[in-house]
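# Structural description and commentary
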Amino acid sequence: QRTTGRETTARLKLNKESLRWRRKFLTSTLKWKRVNLQISLVDNVLFKEQAQSPSIGDCLKLLKGERDEQLLAGLLLVTKVCQRDDLASLRAVYDAVDVRFLDRLFKTGMGKGAAAGSGLDNRDAYLQLSVTIVAAFCRIPEIAASMDMVSKVPMVLKIMTESNDAVLEECCEILYLVATSSEDGVSTFCESEGLKVIASRMHTMSDGSRTMELSIKILQYVLSKLPRDFITSSHLLDLATVVESLARQFAVLHSPLKFEALHLLSVIFSSKYLESLRETLRVMGGSKWSDYIHIGVMDILQNRVAPADKVHALVLAESMLSISGESWLLRQPNLTDCKASVPVDRCLLLVLESARVEVAVLLNELAYLKYEASKYTSNSDTALSTKQQHLTVAFSLVEGIIKLISTVGENEEVISEATIIKVINGLNETVNVVLEYLQDAKEHGQKKGNDLIASVRLVGSPFYSICFLLPMLCQMTMEIQGCKTLISSRGHKAVVEFLVKLLCNPVTEDMDRIFLACDTIMNLLLKQEEVHFQMEESSCISLLNALAFWAEKSDDPSVLMMAASICALGLDFTSEAALLKHPNFDSRSLTRLCHLISRSFAFATQGMADAVRSETDLIEIITSGFSRWADRFPSIKAAVLGV
C-alpha cells in the first residue's frame, strides 16, 4: 500500500518521539540501577572482613559528588559510620548535603516526584534512609529548630499515616525534636493535625516501645504549649482515643514509661478540657480503659513511689469518680490481658487512706506557708496554689467515699462490715484534722481561700457527709472543745440545715438521724455560755419552724419533748417581737410554737408516769428556759399559763 509524503513525515516524527521517550526511560532505569549498584558496593565495603573501615571523610567525599547515586551512597554510608551522639560529624554532613536532594529523596520514598515510578522497587529503602537521616540531623537543636526541619513536619505526619511501622519510631523522634526546639514546630504540628495522627497510631504501637515513649513525650510537651482555644469538639475524640491508649500502658507496664503515662493522664484529666472530655469518654462505650486506670491507680497507691506520683494517681481516681460515679471504687476489672485478683474493696481503702494522708500533709504544709513561713516569695504563691488544688482533689475523694458509704444498703453485698468500720474510723480522724485546720485559720483571721472553702464543704455542706458524720459530731459536741471546733468551722449551720430538711418530710427511716442531729444541736445550745455561741437569726427561725411543724404532726412524747426542749433553748436568742418582724416567721408560726410549749408543760404535769420519768432532763430544760424568756414571749406565756 502506497503512502503519501505527508504520511511518511508523520510516521518519522512519531518514531522520533517514541525513541526519545524510550531513551529517557532507559536512562532513568540505568540511573536507578547504578544507585542500586552503588549501594551494593557500599555494603560490600562495609562488610568485607579485610576491608578498611570507612570514615566520615568518605561520606563527605561522596556527598560532594555531582551524581544522585553518589549522594545516595554518601547518605547510606552516614547511617553506617555516624554514632547517635556524634553531633559534630552530623553537623558536617548536614552542611555538606544538598537539601534539595534530601527533599527529592523524601518524595521518592513517598511515591512522589519524577523518579517515583522508576524507583518503586526501592521506595521503602529510600523512605527509611531519608527519615533516618532527618532524625539524625534533628538531634542537633539548632537544626531541629530550623524552618528546613519545621517544614518537614506535615510530610512526616503524612508518612506516619501511610507507611508501615518500619519508620514510625524515627518519625516520632523527628516530631518530638522539632516540636521541643521551637514554637514554630509546635504550631506546625498542631496545624497539620498532629494530635489526630498520634492518637490514631498509638493503639498500633507495642506496649512500652520506644515509639510509644516518644508519642507520650510529644503529647506531654504539645499539650503544655497549646493555646487556650485550640482544643475544640473535633479534637475531643482524639484526646479520648489517647486516653484509651494511655490507660493500657498505665496498667500493664512496670517500667518508667508507666509513670510517663500516669503523668500525661493526670495532665489531661487536670486540664481545662476535662468537662467536655468527660462527656466524650462517657459516650464512647466500653469500660476497658476505665478498668485499666483502676488497676494502674491501685498499683501506684499500694507501692512505694514518689509522693507526687501518688497525687497524680489521686487526680485520676477523682476524675474517674466524676466520670463513672462513686461505684468505680468498687469495680472489679475484667481484663484478659491484665488480670488482677484483689478484694473488691481494695481500691476504696487505698484511695481513702492515700487521700487522708494527703489531707493531713497538705493542711500542715498550707498552715506553715500561710502562718509560719518567715520569707514569703512569689514561689510561695505558686506552691500555695498548687497545694490548694491538690487539697481540693483529696477532699473531693473523701466526699465521694462518704457518699458511697452513705448508700451502704445498696452496696452491702460488696462492702464488708470490717471495711465500713475502717472507713468510719479513717473519716472521723480526717474530719478532726480538718476542723483543727479551720480553727487555726480562724485564730489567724483567715476568712478566704480555696482551702477554707473546700474544708468547710467537707465538714459542713454536703448532705451526705452530715448524714454520715452525725454520730461523730454528736459525740464530739459533748465536750466544750468539740463544740468550739464545730462552731468555728460553721459546721453547726450545716447540721441545722440537715435537720430542717429531714423535718420537712420526716419518715420512720430517718428518725435515728433526726435524733442524732437534735442531740448535736442541743449539746451546742446547752454550752452556749461556755463557748460564746450565738445562733444566727436565720438558722434559729428555720429551726423553730421545723421543730414546731414536726411535733404538730406527731403523738410521740419523745418527739414532743425533744422539739420543745430545743425550742426552749433557741428562744434565748430572740424575742416574740423580733420573730414577728422576720419575713419567714408569721402568726401561724407563733401559734404552732405556743402550742408546742404548752403541750410540753401539759405532758410534764402528768405525774410520775414512765414516759414522764424518761423525759425528766428535757422537762427541766423546758421549764428553766421558760423562766428566762417568758416575759419576752407574751403569747407563749399566756398559752402555758392558760391566761
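Residues numbered from 1 in each chain as written. Predicted model: local features only at pLDDT ≥ 70, side-chain atom pairs only at ≥ 80, totals over all residues. Heavy atoms only, no water.

### Overview of the packing of aromatic side chains
For the structure on display, the rule yields six aromatic pairs. The interplanar angle of 80° and the centroid separation of 5.6 Å between the aromatic rings of Phe626 and Trp629 together place this pair among those described as edge-to-face. Of this pair, Phe626 and Trp629 are both found in helix 32 (residues 616-629), three residues apart, which corresponds to roughly one turn of the helix. Overall, Phe626 belongs to the buried group, its relative accessible area being 12%. Among the aromatic residues, ring-to-ring pairing joins Phe601, Phe626, Trp629 and Phe633 into one connected group. One cation-aromatic arrangement involves Lys258 over Phe250; the distance from NZ or CZ to the ring centre is 5.5 Å. (Phe/Tyr/Trp six-rings, centres within 6.5 Å; stacked < 30°, edge-to-face > 60°. Helix = DSSP H or I, 4+ residues; strand = E, 2+ residues; numbered from the N terminus. Buried < 20%, exposed > 50% of the residue type's maximum accessible area, 1.4 Å probe, protein only. Lys NZ or Arg CZ within 6 Å of the ring centre and 35° of its normal.)

### With respect to helix 6 (residues 123-137)
The end-to-end C-alpha separation of helix 6 is 21 Å, in line with the 21 Å expected for 15 residues at 1.5 Å each. Burial analysis of helix 6 places eleven of its 15 residues in the buried class, the great majority of the element. Buried within helix 6 are the following residues: Tyr126, Leu127, Leu129, Ser130, Val131, Thr132, Ile133, Val134, Ala135, Ala136 and Phe137. (Expected span 1.5 Å × (residues − 1).)

### As for helix 25 (residues 491-504)
Between its first and last C-alpha atoms helix 25 spans 20 Å; for 14 residues at 1.5 Å apiece the expected length is 20 Å, and the two agree. Extensive coverage of helix 25 is indicated by the burial of ten of its 14 residues. The set of residues buried in helix 25 consists of Gly491, His492, Ala494, Val495, Val496, Phe498, Leu499, Val500, Leu502 and Leu503.

### Overview of empty space enclosed by the protein
Inspection of every chain in the model, using the stated rule, returns one cavity of 30 Å³ or more. Here the largest cavity defines a volume of roughly 30 Å³. Around the largest cavity, the lining residues are Ala548, Ala551, Glu552, Arg592, His595, Leu596 and Arg599. For the lining of the largest cavity, the elements supplying multiple residues, two or more each, are helix 27 (537-552) and helix 30 (587-604). Element by element, the count of residues in the lining of the largest cavity is highest for helix 30, at four residues. Partitioning the lining of the largest cavity into residue classes produces three nonpolar, one polar and three charged. (1 Å grid on protein atoms, 1.4 Å probe; cavity = no way out; pocket = protein on both sides within 12 Å on 5 of 7 lines; lining within 4 Å. Points joined across faces, edges and corners; volume = space filled by probe spheres on them. Nonpolar A, V, L, I, M, F, W, Y, C, P; charged D, E, K, R; others polar.)

### Remarks on the side chain of Asp238
With respect to the helices and strands, Asp238 occurs in helix 14 (residues 233-252). Other than its neighbours up to four places away in sequence, Asp238 contacts Leu195, Lys196 and Ala199. (Contact = heavy atoms within 4.5 Å.)

### A closer look at the packing of helix 26 (residues 511-526) against helix 28 (residues 557-570)
The geometry of helix 26 relative to helix 28 is characterised by a closest axis approach of 10 Å and an angle of 30° between their N-to-C directions. In terms of orientation, helix 26 lies roughly parallel with respect to helix 28. The crossing of helix 26 and helix 28 is left-handed. In contact with Met511, Phe515, Cys518, Asp519, Ile521, Met522, Leu525 and Leu526 of helix 26, helix 28 contributes Ser558, Val559, Met562, Ser565, Ile566, Leu569 and Gly570. (Axes fitted to C-alpha atoms, helices over the stretch in contact; angles between N-to-C directions. Parallel < 35°, antiparallel > 145°, perpendicular 65-115°, else oblique. Left-handed = near helix turned anticlockwise from the far one by under 90°.)

### Considering the environment of Val342
You can see Val342 is positioned in the loop between helix 18 (307-324) and helix 19 (346-372). The class for Val342 is partly exposed, based on a relative accessible area of 28%. Along the primary structure Val342 and Gln332 are separated by ten residues, whereas in three dimensions their C-alpha atoms are 8.4 Å apart. Those residues within four positions of Val342 in sequence are excluded, and the remaining contacts are Met298 and Gln332.

### Observations regarding the environment of Glu530
Structurally, Glu530 is set in the loop between helix 26 and helix 27. The exposure class of Glu530 is partly exposed, given its relative accessible area of 43%. Linking Glu530 and Ile480, residues 50 residues apart in sequence, is a C-alpha distance of 7.4 Å. In this view, Glu530 contacts Ile480 and Lys484; residues no more than four positions away in its chain are not counted.

### Section: the pattern of salt bridges
In total, this model carries 24 salt bridges according to the counting rule given. Two residues, Arg91 and Glu142, come together in a salt bridge whose shortest N-O distance is 3.9 Å. One end of the pair, Arg91, is in helix 4 (residues 87-96); the other, Glu142, is in helix 7 (residues 141-144), with 51 residues separating them in the sequence. Given the relative accessible area of 31%, Arg91 is considered partly exposed. Its salt-bridge partner being Arg248, residue Asp207 comes within 2.5 Å of it at the nearest N-O pair. With Asp207 in the loop between helix 12 (194-202) and helix 13 (210-225) and Arg248 in helix 14, this pair connects stretches of sequence that are 41 residues apart. Counted as one network, the salt bridges with shared partners bring together Arg84, Arg139 and Glu173. (Salt bridge = Lys/Arg side-chain N within 4 Å of Asp/Glu carboxyl O.)

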